[in-house]
Amino acid sequence: MTQGPAEHAAVLNGVSLHWFEWGAPGPEPSIVLIHATGFHARCWDQVVKALPGRHVLALDLRGHGRSGKTPPFSWDSYGNDLVAWAEHLGLAGAIAAGHSMGGYALTDAAASKPEAFSRLLLIDPVILPPELYAERASGPQDPSAHPTAKRRNHWENWEAMEARFADRLPFKRWEPAVLQDYCRYGVLPGPEGDFVLACPPEVEASIYLGSAGRDIYQRIPEVRVPVTVLRAPPRTGPRDVMDFSASPTWPELASKFPQARDVVLPEHSHFIPMEAPALTAAYILGER
């Protein structure tokens, strides 16, 4: 039987942060994995399986997974949490991958804590065209009005959640084992003997509304390590904030980093790690 990861926790920036660790530090750089909004650290399990023998750390961001549900939920707060976590661990020269909002937060953290990372893989990091940030900052701020606030929150068990999602987009495009991980570790025991989402709907909605954060384009020039921006094809129709069949990332993003390359995967949606965990691992290892 394959041994599961070790689980750790610490109170950092006023919130209990939990993370998972596979393997032990060795001569090769540690690998850090940061998940997307509404997801959790164990969504990376199938990617980790394609990283045998490596020391891997995956964090549950605040409001997600086993970590505390303590605000604020602005995207700059996630960058601050990653910096505090990196300092707590003494990270140095790690290879780091961040998906969606996790890629945004990783960019922010790498600007503040450059010695912690040696290379970044930003997987559809939802860094939008520069002009859109002012619009998003001035938009409605009522979390209850956001579509994610209406997600079903109560489940009999994780298997019921998996059964409901298996034949629906975007989940039916995922590798089945990833969907199982998403559901198995994406719920927590509820107050009525049922299970509730580990990222409560109102928290997820607040995160989307807090996506403007600090001006990330002022931070990007400070990220001096090699960066790969891995993304799906760009959106071509009207902009629907919850349409992830294509990439929400600004196509010119890579050009703003001191040293970065842009890679488009035309056969994939925004959920690249869920659809292709082994391919994602190959990019993490620098094999692609």
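Residues numbered from 1 in each chain as written. Predicted model: local features only at pLDDT ≥ 70, side-chain atom pairs only at ≥ 80, totals over all residues. Heavy atoms only, no water.

J.: Quick question: what am I supposed to make of the overall build of the protein chain here?
T.: Within the protein chain one finds 10 helices and 11 strands. With the C-alpha coordinates of the protein chain rotated into their principal frame, the extents come out at 50 × 45 × 40 Å. Here the protein chain, with 288 residues, has 57% of them falling under the buried criterion. Residue pairs in contact within the protein chain that sit at least 24 positions apart in sequence constitute 72% of those at least 6 positions apart. Of the side-chain charges in the protein chain, 26 are positive and 33 negative, and the distance between the mean point of each set is 2 Å. (Helix = DSSP H or I, 4+ residues; strand = E, 2+ residues; numbered from the N terminus. Buried < 20%, exposed > 50% of the residue type's maximum accessible area, 1.4 Å probe, protein only. Contact = heavy atoms within 4.5 Å. Lys, Arg positive; Asp, Glu negative; His and termini not counted. Charge placed at Lys NZ, Arg CZ, Asp CG, Glu CD.)

J.: Whenever I open this one, the sheet that holds strand β7 (residues 154-155) confuses me. Can you help?
T.: Hydrogen bonds between backbone atoms are what pair the strands of a sheet, whose relative direction is either parallel or antiparallel. Strands sit in the order β7-β9-β8 across an open sheet of three strands; the sheet is antiparallel. Both edges of this open sheet fall to β7 and β8 (187-189), since each of them pairs with a single strand only. (Pairing = 2+ DSSP bridges.)

J.: Teacher, can you tell me more about the sheet that holds strand β2 (residues 15-22) here?
T.: Spatially, the eight strands line up as an open sheet ordered β1-β2-β4-β3-β5-β6-β10-β11, and their pairing is mixed. A strand with exactly one partner marks an edge of an open sheet, and here the two such strands are β1 (6-12) and β11 (260-264). The sheet shows a mean angle of 20 degrees between the axes of neighbouring strands, taken without regard to direction. Each of β3 (31-34), β5 (94-99), β6 (117-123), β10 (227-231) and β11 touches helix α10 (residues 277-284); the most contacted strand, β6, lies at about 150 degrees to it. (Axes fitted to C-alpha atoms, helices over the stretch in contact; angles between N-to-C directions.)

J.: What is the right way to read the pairing of β3 from this model?
T.: Side-chain positions along a regular strand alternate between the two faces of the sheet. The side-chain alternation of β3 yields two buried faces, one formed by Ile31 and Leu33 and the other by Val32 and Ile34. Pairing between β3 and strand β4 (residues 56-60): four bridges, direction parallel. Pairing of Ile31 across the sheet is with Val56, part of β4. Sheet analysis places β3 next to β5, joined by four bridges and oriented parallel. Directly across from Val32, in β5, lies its bridge partner Ala96.

J.: What is the right way to read the environment of Leu253 from this model?
T.: Take Leu253: it is sitting in the loop between β10 and β11. Leu253 gets classed as buried once you look at its relative accessible area, which sits at 0%. A C-alpha to C-alpha distance of 34 Å links Leu253 and His8, two positions 245 residues apart in sequence. Here Leu253 is in contact with Pro125, Ile127, Tyr217, Ile220 and Val229, once residues within four sequence places are set aside.

J.: Would you mind showing me how to read the nonpolar core here?
T.: Taken as a class, soluble globular proteins show a tendency for nonpolar side chains to be buried jointly. Among the nonpolar cores identified, the biggest contains 51 residues, and Leu82, Trp85, Phe117 and Leu120 are the most heavily contacted of them. Beyond its immediate sequence surroundings of up to four residues, Leu82 is in contact with Ile34, Leu59, Leu61, Ala105, Leu106 and Ala109. Core analysis: the second largest hydrophobic core is formed by 24 residues, Ile31, Ala97, Leu230 and Tyr283 among them. (Core = buried A, V, L, I, M, F, W, Y, C linked by side-chain atoms within 4.5 Å.)

J.: Looking at this structure, how should I read the packing of helix α2 (residues 75-89) against helix α3 (residues 101-112)?
T.: Each pair of packed helices can be described by the angle between their axes along with the distance between the axes. Following both chains from N to C, one finds α2 and α3 inclined at 55 degrees, their axes separated by 8 Å at the closest point. The orientation of α2 with respect to α3, classified from their angle, is oblique. As α2 runs across α3, the sense of the crossing is right-handed. Touching Trp75, Asp76, Tyr78, Gly79, Leu82 and Val83 of α2 are Met101, Tyr104, Ala105, Leu106, Asp108, Ala109 and Ser112, all from α3. (Parallel < 35°, antiparallel > 145°, perpendicular 65-115°, else oblique. Left-handed = near helix turned anticlockwise from the far one by under 90°.)

Shape descriptors only; they carry no functional weight alone.
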